[in-house]
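# Coordinate inspection notes
This is what each chain is made of:
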Amino acid sequence: MSGAAPPPAPAGQPQPTHRRAPPDRDAPAVRAKMLAVAQPGGHDKLLAELVGTWDYTAQMWRAPGVPPMETKGSAVREAVLGGRYFITHATGPMEMPGADGKMKSFEFKGMSVDGYDNVKQKFVSTWIDNMGTGIMISEGTYDPASKTFTYHGTMEMVPGMKSEMRETIKVVDADHHTFSFYEMRDGKEALTMQLSYTRRK
């Protein structure tokens, strides 16, 4: 009978698996949904509030109980691709220990790409800078009550040393926001970097 189930495979042989057929991308309903999720859906307006030129003051904690290293810099954030994404370029002087352990000054440069993924229904962010070769990827949410974005991800500074991280961006007002970076140290979450941004007039 054409509608009968296929006979079972002989004992010891792999059993057949029944997989759901992939969606037909040419079906009108599927095409309509693809077009819908490809459009900015309103969450981009939250990210657009941070467009502009900013000056920041940064604090970085290398170890618990050690006074933070402080530095200043600037960042420029702009909307691209019809407001779907936002690119930020950050730059500023920084001191870091070299291979010999001595502090050295250099110009720090970094770039982020941020957006809202309508499929995942999450904010997404990537970060790259001139202190490494990896791309840090994180996903997050937004709390309207506190005006705070919260992102989670992992980073691997050296092979085999992965660490969970959390980022928050608290919007104080139209001209001020605070970025905080937390990472796991000895099994506990620790604030390792905080940047306070002021919009440049």
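A brief look at the structure comes next. (Residues numbered from 1 in each chain as written. Predicted model: local features only at pLDDT ≥ 70, side-chain atom pairs only at ≥ 80, totals over all residues. Heavy atoms only, no water.)

It is worth spelling out the layout of surface pockets at this point. It is the rolling of a water-molecule-sized probe over the atoms that shows where space remains empty. Computed from the structure, the second largest pocket encloses a volume of approximately 210 Å³. Looking at the second largest pocket, it is lined by 16 residues, and the ones nearest its centre are Val37, Tyr85, Tyr116, Asp117 and Asn118. For the lining of the second largest pocket, the class distribution of residues is seven nonpolar, six polar and three charged. (1 Å grid on protein atoms, 1.4 Å probe; cavity = no way out; pocket = protein on both sides within 12 Å on 5 of 7 lines; lining within 4 Å. Points joined across faces, edges and corners; volume = space filled by probe spheres on them. Nonpolar A, V, L, I, M, F, W, Y, C, P; charged D, E, K, R; others polar.)

With that settled, consider the side chain of Ser163. In this structure, Ser163 sits in strand 8 (residues 162–173). Look at Ser163 and you get buried, because its relative accessible area is 14%. The residues contacting Ser163, other than those within four sequence positions of it, are Gly153, Thr154, Met155, Glu183 and Met184. (Helix = DSSP H or I, 4+ residues; strand = E, 2+ residues; numbered from the N terminus. Buried < 20%, exposed > 50% of the residue type's maximum accessible area, 1.4 Å probe, protein only. Contact = heavy atoms within 4.5 Å.)

One pass over the structure, following the stated rule, counts eight salt bridges. Asp114 is the partner of Arg77 in a salt bridge, and the nearest nitrogen-oxygen pair spans 3.5 Å. In this pair, Arg77 sits in strand 2 (residues 69–80) while Asp114 sits in strand 4 (residues 103–117), placing the two residues 37 residues apart along the sequence. By the burial criterion, Arg77 is buried, and Asp114 matches it. Here Asp175 ties to Arg199 by a salt bridge, and the two come within 3.2 Å at their closest N and O atoms. A residue pair is termed long-range when its members are at least 10 positions apart, and Asp175 in the loop between strand 8 and strand 9 (176–185) and Arg199 in strand 10 (residues 188–199) qualify at 24 residues. We classify Asp175 as partly exposed; its relative accessible area is 22%. Linked by salt bridges that have partners in common, Lys120, Lys122 and Glu139 make up one network. (Salt bridge = Lys/Arg side-chain N within 4 Å of Asp/Glu carboxyl O.)

Moving on to the packing of aromatic side chains. Enumeration over the complete set of coordinates arrives at seven aromatic pairs. Pairing Trp54 with Tyr197 gives two aromatic rings, centres 6.5 Å apart and planes at 90°, and the pair type is edge-to-face. With a gap of 143 residues between them, Trp54 in strand 1 (residues 52–60) and Tyr197 in strand 10 connect regions that are remote in the sequence. Here Trp54 and Tyr197 have matching classes, each one buried. Ring centres of Phe123 and Phe149 lie 5.2 Å apart, and the angle between their planes is 90°; on these two criteria the pair is classed as edge-to-face. On the criterion of sequence distance, the pair formed by Phe123 in strand 5 (residues 122–129) and Phe149 in strand 7 (residues 148–156) is long-range, its members being 26 residues apart. With respect to burial, Phe123 and Phe149 carry one shared label: buried. Aromatic rings pair up to connect Tyr116, Phe123, Tyr142, Phe149 and Tyr151 into one cluster. Across the ring face of Tyr182, the terminal group of Arg166 is positioned such that the distance to the ring centre comes to 4.2 Å. (Phe/Tyr/Trp six-rings, centres within 6.5 Å; stacked < 30°, edge-to-face > 60°. Lys NZ or Arg CZ within 6 Å of the ring centre and 35° of its normal.)

The next subject is the pairing of strand 6 (residues 136–143). By the bridge criterion, five bridges tie strand 5 to strand 6 in an arrangement that is antiparallel. When the bridges of strand 6 are listed, Trp127 appears paired with Met136. Turn length for the strand 5-strand 6 hairpin, with the two strands adjacent in sequence and antiparallel, is six residues. Relative to strand 7, strand 6 runs antiparallel, the two being bridged by six bridges. (Pairing = 2+ DSSP bridges.)

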